[in-house]
Amino acid sequence: MRARPAVVLAVVLALLVAGCAGGGGGGGEGGTVLRFQSLAWQKESVDANKELVAEWNAAHPGIRVEYVQGSWDSVHDQLLTSFEGGEAPDIIHDASDDLADFAYGGYLADLRPLLSGRLRADIPEASWRTTTFGEGVYGVPFLQEPRVIIANRKILESSGVRVPTPARPWTWPEFRQVAKELTATMGEGRYGVAWPLREPVSVSLNLGLSAGGRLFHRGGDGRVEVRFGDGDATVPATVNAQVNTDRSAPRTTLGMGGSDTLPGFFGGMYAMVPLGFSYRQQIVRQAPEGFEWVVLPAPAGDGGLAQGVSPQTLSIAEDSPHKEEAARFIDFLLQPDNMVRLARGDWMLPTGTEALKDPSLRTTEHGWATGAALAASLRPAPAQSVRGYPEWKDKVATPAYQEYYSGAIDAAELEKRLVEDGNLVLARYQR
Amino acid sequence: MSGPRTRGAVRAGQYLALLAYLAFLALPFLWLISTAFKPAPELGSLHPTWIPEDPTVANFRQAFAEQPLLRAAANSLAAALAAAVTAVVVATPMAYVTARRRGRLSAATTGWVVVSQAFPFVLVIIPLFLVLKNLQLINTLTGLVLVYVVWSLPFALWMLTGYVRALPAELEEAAAVDGAGRLRTLLSVTAPLLAPGIVATALFAFITAWNEFFFALVLLKTPEKQTLPVVLTHFLGAEGVADLGPLAAAAFLATLPSLVVFALIQRRITGGMLSGAVKS
Amino acid sequence: MTLLTTARRSGENAGGPAHRPAHRHRPTDHGAWFLVLPALIPILLLSVGPLLYGVVLAFTDAQSGRTRATQWVGTLNFRDLLHDTLFWESFRIGLVWAVGVTVPQFLLALGLALLLDQGLRLRWLARALAIIPWAMPEVVVGIMWRLVYHPDAGILNETLRDLGLGGGRDWLSGLATALPAVVLVGVWAGMPQTTVALLAGLQNTPRELHEAAALDGAGAWRRFRTVTWPALRPVALAITALNFIWNINAFALVYVLTGGGPGGRTRLPMLFAYEEAFRYGQFGYAAAMGCVLVAVISVLLAVHLASRLRGDE
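Residues numbered from 1 in each chain as written. Chains lettered and ligands numbered in written order. Predicted model: local features only at pLDDT ≥ 70, side-chain atom pairs only at ≥ 80, totals over all residues.

- The name an unreviewed UniProt entry gives chain A is Sugar ABC transporter substrate-binding protein, with Streptomyces lavendofoliae as the organism.

Here it is as structure tokens:
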């Protein structure tokens, strides 16, 4: 007799669910509806995005934009499945290093015929190169962040080392020396610098540009090859020496993400941490009272302050029936004033030259000025347009760099793996 | 042979062992609760404490303000309940047949269980997406429930088959000899005996569905329909950065319903109905 | 295919609706088709179908994107796989992980289930608390344990420091500690499920047999072997087999904890196939990996299942 209530319950629930499912669909109002999938996640940034969408909807009753919340954590899988199933959002927020496969796969619209002259002129050519794959442009780069060194002001100033500025940055050897000196003043179990290298490849390659590193070389026939020159060796060798020779950097942080290093940074265990510019938001939120910190430029080498970035992007799905309208919305979102709001919401730099002039992004408070001064040195991250780069990164480069930094293998072995094993992987994509 | 003293010692040992188990299982959860009540600066402390020094509910307020947790919870609840009940209703008869009738059906079921669970789900998801799209079930909770039912079926079948096998077939045969109808035998003899197993299986299906992330992520498009695990990831940023306080607060709340459901029905799983039934 | 023919045959046998007066022979001879159908349809549509599609993919060069047409490549993917040392390394890690998680998981869960089956006080509370790990979404479990393992701010190192056992271990990023650390989380996360299954199985143990054995003066171990274990065996075999399959296919937990690092030390086969399909868009090659996984798991489980089926006779 016990079975009967269960059956009744099942029927009721089935009806309930059917009701829920049926109720959601079919809003038959006229006009165009665009789905905008945003990856904004910090409160200020979500708010900025939602406000902008509301303002657009108020001004354009015929073209309604629907805000859809995505997440950085799963965006690639979710987009890939949506594309394969033909259900992608119209306007897609992502990052330039995630776009290559989607662009080459034909899922993203070529934006060249769609974008306004104003937007094309506002964003510098170097930024456009981050979203150019083959002939087409498949995304609008709009926010970017340089990697900076965030330092504990008290430790830095009391040690008497020269404090670098964007005009007079440290060189890499100088940086190594400074880390050594800081470590000496700090005492047992404390370190001059902590490298969070959970993602060692992008850090190594992006900072490597400053020393003239390139790693990926495109031949005359368009084929890409990995070569490991002196410029490529500078940054990895510095980190390796700090961890394994000077002991001015701890081994424990090598597997950490950036935010994992913050407790140690706040606790005075580390004097400096190389982090993305936007980590300032977390530091402001979490730092204990009275903790003082400064933003310093990353060290410079033969390539000056140059470093690679993969900006956040806005793209349009090739399948979208309303590409014109979607492009108009992007244009609205990236008006200089609006770009400033988005940039402040994410604690990043806007790519647009007009927006970058905004005084609120040039104040010395929270190190905005230092970051803004670096904007001109930002280049497309090496290799992000190389087909097969993700596989090279996961299977070859990440383990190789991790083992090199922790001292398990030497520079010769690192080079051998990156180049020999690496070219084997790349060759498969270039048959 | 067991005097009162050894008995007492055994009991004490049992309590001690139980305590050790609970510490192992519950401490990370206590850590989650502790995190949920810590203000942001304390989360970055080098010397973390179990008890927040400056407890706050700000994380909860922020979690509710930023993400539609209640709506997501309602969606999760509807999907998980429907999936659990459907899975059990559908699986029990098949499990019964599989258990009582040895042969190819049983072998085929076993084989399918192995294959379906051993095949990486990431490869199934795209064809599955296309099937559901043809059925117009993308972006509906019904579609999601269907997937959950099918996904928990192998496990439900295995468990239920095991439970049915453990029941002596003689009981049913005796009832049949007594002249009871087949359905009546099933309902009045087999079903009550099977109840603990059925409830346990439903619980599995419920919690599996409640926690499931990947299918929900891929199948549900509009924010109004998203389930809790998907909404939880909205507290995560790029490069594994997380808004820990609100995330912990939301995760703590998301964990509660499963705990409550279990606390409520665990008596039924373990109610000792069996001994009574066997006697009568 | 066997599934279909079997089902059809049982359908022919069924003859009529289930609620017919029973005859002398086995009560299940009737209505089998009717009873199996509700489960069979969704299975065929949403599980067998997509699965077969996946198997077919393994013999093609399917990639993400629609700029290239998919072609048949025969067994090329499998031949490539044979020489893919990284895949086999990941396979080895997967086996270590699966055994390392499944065995302790079962033993610990059995102990806990036996304890919870005793008439201890507050056992309702203990039973509710015991399922905590299971009640948390995997993403959250991963993040939680990352906090616990955190080298600087983690409660584990803090506790070790307080106990004077040294500290500063980098559990998840150390080349030697990463896999054991991840295995521990796996055991933790999977224990409640196993415990509940075993606990429900224990309820099926005829209590008077227990009492009779106790009266005969049988010790705890003998009672367990002669009374408890035989009743528990089908459930125990089922749950360990499924645990093994699940563990070798585990994904979300390790993905959140280590992402397969450091240096690929925790790159389970599922992570590998996932990267192949969703990062590099090589659907065909990833599907081939799936087929190999299925084949090897089937062989591994054959022994296990054979013993189970033999037990049925």
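Comments concerning the overall build of chain A
- The secondary structure content of chain A amounts to 18 helices and 16 strands.
- Computed over C-alpha atoms, the radius of gyration of chain A comes to 24 Å, within 12% of the 22 Å expected from 2.2 N^0.38 for 431 residues, which places it in the range of a compact globule.
- Across the 431 residues in chain A, those meeting the buried criterion constitute 55%.
- In chain A, of all internal contacts separated by at least 6 residues, the share reaching a separation of at least 24 is 78%. (Helix = DSSP H or I, 4+ residues; strand = E, 2+ residues; numbered from the N terminus. Rg over C-alpha atoms; globule rule 2.2 N^0.38 Å. Buried ≥ 20, exposed ≤ 12 C-beta atoms within 10 Å, placed from the backbone. Contact = placed C-beta atoms within 7 Å.)

Some details on the sheet that holds strand E15 (residues 349-350) of chain A
Residues and elements named next belong to chain A.
- Strand order in the open sheet formed by 6 strands is E2-E1-E3-E14-E6-E15, with mixed pairing between adjacent strands. Of all the strands in the sheet, the pair left with one neighbour each is strand E2 (63-69) and E15.
- Across the sheet, helix H2 (residues 43-59) lies against strand E1 (32-38) and E2, angled at about 165° from E2, the strand it touches most. (Pairing = 2+ DSSP bridges. Axes fitted to C-alpha atoms, helices over the stretch in contact; angles between N-to-C directions.)

Some details on the packing of helix H4 (residues 69-100) of chain B against helix H7 (residues 141-166) of chain B
Residues and elements named next belong to chain B.
- Contact pair H4 / H7: the axes reach a minimum separation of 6 Å and the direction vectors enclose 40°. Accordingly, the angle class assigned to the pair H4 and H7 is oblique. Like other packed secondary-structure pairs, H4 and H7 cross with a definite hand, here right-handed.
- Broken down by class, the residue content of the contact of H4 with H7 amounts to 22 nonpolar, 6 polar and 2 charged. (Parallel < 35°, antiparallel > 145°, perpendicular 65-115°, else oblique. Left-handed = near helix turned anticlockwise from the far one by under 90°. Nonpolar A, V, L, I, M, F, W, Y, C, P; charged D, E, K, R; others polar.)

Remarks on unusual backbone geometry
Residue and element names in this part refer to chain B.
- Positive phi outside glycine occurs at Gln136, with the angle close to 60°.
- When the 11 C-beta atoms within 10 Å are taken as the criterion, Gln136 is described as exposed.
- Within the chain, Asn139 stands out as a residue other than glycine whose phi angle is a positive 65°.
- Position of Asn139 relative to the elements: it lies in the loop between helix H6 (121-134) and H7.

Points about the domain arrangement of chain A
All names here are of chain A.
- The domain architecture assigned to chain A consists of domain 1 (31-138 + 312-350) and domain 2 (147-309 + 383-429).
- Centre-to-centre separation of domain 1 and domain 2, based on C-alpha positions: 30 Å.
- In this assembly, 11 residues from domain 1 lie in contact with 7 residues from domain 2.
- Looking at side-chain class alone, the side of domain 1 that touches domain 2 contains 6 nonpolar, 3 polar and 2 charged residues. (Domains from an automatic or database assignment.)

Observations regarding the confidence of the model for chain C
Residue and element names in this part refer to chain C.
- Summarising the model, chain C shows a mean pLDDT of 78, and 86% of its residues fall at 70 or more.
- When the elements of chain C are averaged for pLDDT, helix H1 (residues 2-14) gives the smallest value, 32, and helix H4 (residues 85-116) the largest, 92.
- Below a pLDDT of 50 lies the segment residues 1-28, which in the model reaches 52 contacts outside its immediate sequence neighbourhood of four places, other chains included.
- The ipTM, which scores confidence in the relative placement of chains, is 0.77 for this predicted complex, and the corresponding pTM is 0.82. (pLDDT = per-residue confidence, 0-100.)

Description of the sheet that holds strand E11 (residues 270-276) of chain A
Residues and elements named next belong to chain A.
- On the basis of which strands lie adjacent, the open sheet formed by 4 strands has the order E8-E11-E7-E12 and mixed pairing. Single-partner strands in this sheet number two, and they are strand E8 (191-193) and strand E12 (293-297). Within this sheet the neighbouring strands show an average axis-to-axis angle of 30°, counted without direction.
- Sheet topology places E8 next to E11; 2 bridges connect them, and they run parallel. Bridge pairing in E11 places Val193 opposite Met272.

A closer look at the interface of chain C and chain B
- Contact residues are listed per partner, giving 94 residues for chain C and 92 residues for chain B.
- Looking at the side of chain C that touches chain B, the element that brings in the most residues is helix H2 (residues 32-57) of chain C, giving 15 residues.

Some words on helix H8 (residues 169-177) of chain B
All names here are of chain B.
- Every buried residue belonging to H8 is among Glu172, Ala175 and Ala176, and all of these are buried. Considered in projection along H8, the buried side chains sweep an arc of 100° and stay on one side of the axis. Turned more than 90 degrees away from the buried face of H8 sit Glu170 and Val177, all of them exposed.
- Within two residues after H8, Gly179 carries a phi angle of roughly 95°, on the positive side. (Arc of directions from axis to C-beta.)

Digging into the environment of A:Ser315
All names here are of chain A.
- Its location among the elements puts Ser315 in strand E14 (residues 312-316).
- Under the C-beta neighbour-count criterion, Ser315 is labelled buried, with 28 such atoms within 10 Å.
- Sequence separation between Ser315 and Leu108 is 207 residues; the distance between their C-alpha atoms is 6.9 Å.
- When neighbours within four sequence positions are excluded, Ser315 is seen to be in contact with Ile92, Asp94, Leu99, Leu108, Tyr138 and Gly139.

Observations regarding the nonpolar core
Residues and elements named next belong to chain B.
- Among the nonpolar cores identified, the biggest contains 317 residues, and Ala83, Ala84, Ala91, Ala156 and Phe206 are the most heavily contacted of them.
- Top contributing element to this core by residue count: H4, with 20 residues.
- Not counting residues up to four positions away in its chain, the partners in contact with Ala83 are Val145, Tyr148, Val149, Ser152, Ala205 and Ala209. (Core = buried A, V, L, I, M, F, W, Y, C linked by C-beta atoms within 7 Å.)

Some words on the interface of chain B and chain A
- On the chain A side, the residues contacting the 44 residues of chain B number 44 residues.
- Mapped onto the side of chain B that touches chain A, the elements with two or more residues apiece are helix H2 (40-43), H4, H6, H7, helix H9 (182-211) and helix H10 (214-219) of chain B.
- Here the side of chain B that touches chain A gets 6 residues from one element, more than from any other, and that element is H4(B).
- For the side of chain B that touches chain A, the class distribution of residues is 27 nonpolar, 11 polar and 6 charged.

A closer look at the pairing of E12(A)
Residues and elements named next belong to chain A.
- Burial runs high along E12: 4 of the 5 residues are buried.
- Across 5 bridges, strand E7 (residues 147-152) lies against E12 in antiparallel orientation. Each residue of the ladder has a partner; that of Ile149, found in E12, is Leu296.

Section: the environment of A:Gly407
Residue and element names in this part refer to chain A.
- Looking at the secondary structure, you find Gly407 in the loop between helix H17 (389-405) and helix H18 (411-429).
- A residue is classified by how many C-beta atoms lie within 10 Å of it, and Gly407, with 13 of them, is partly exposed.
- Expressed as a C-alpha distance, the spacing of Gly407 and Thr245, which sit 162 residues apart in the sequence, is 9.5 Å.
- Not counting chain neighbours up to four residues away, the residues in contact with Gly407 comprise Val243 and Asn244.

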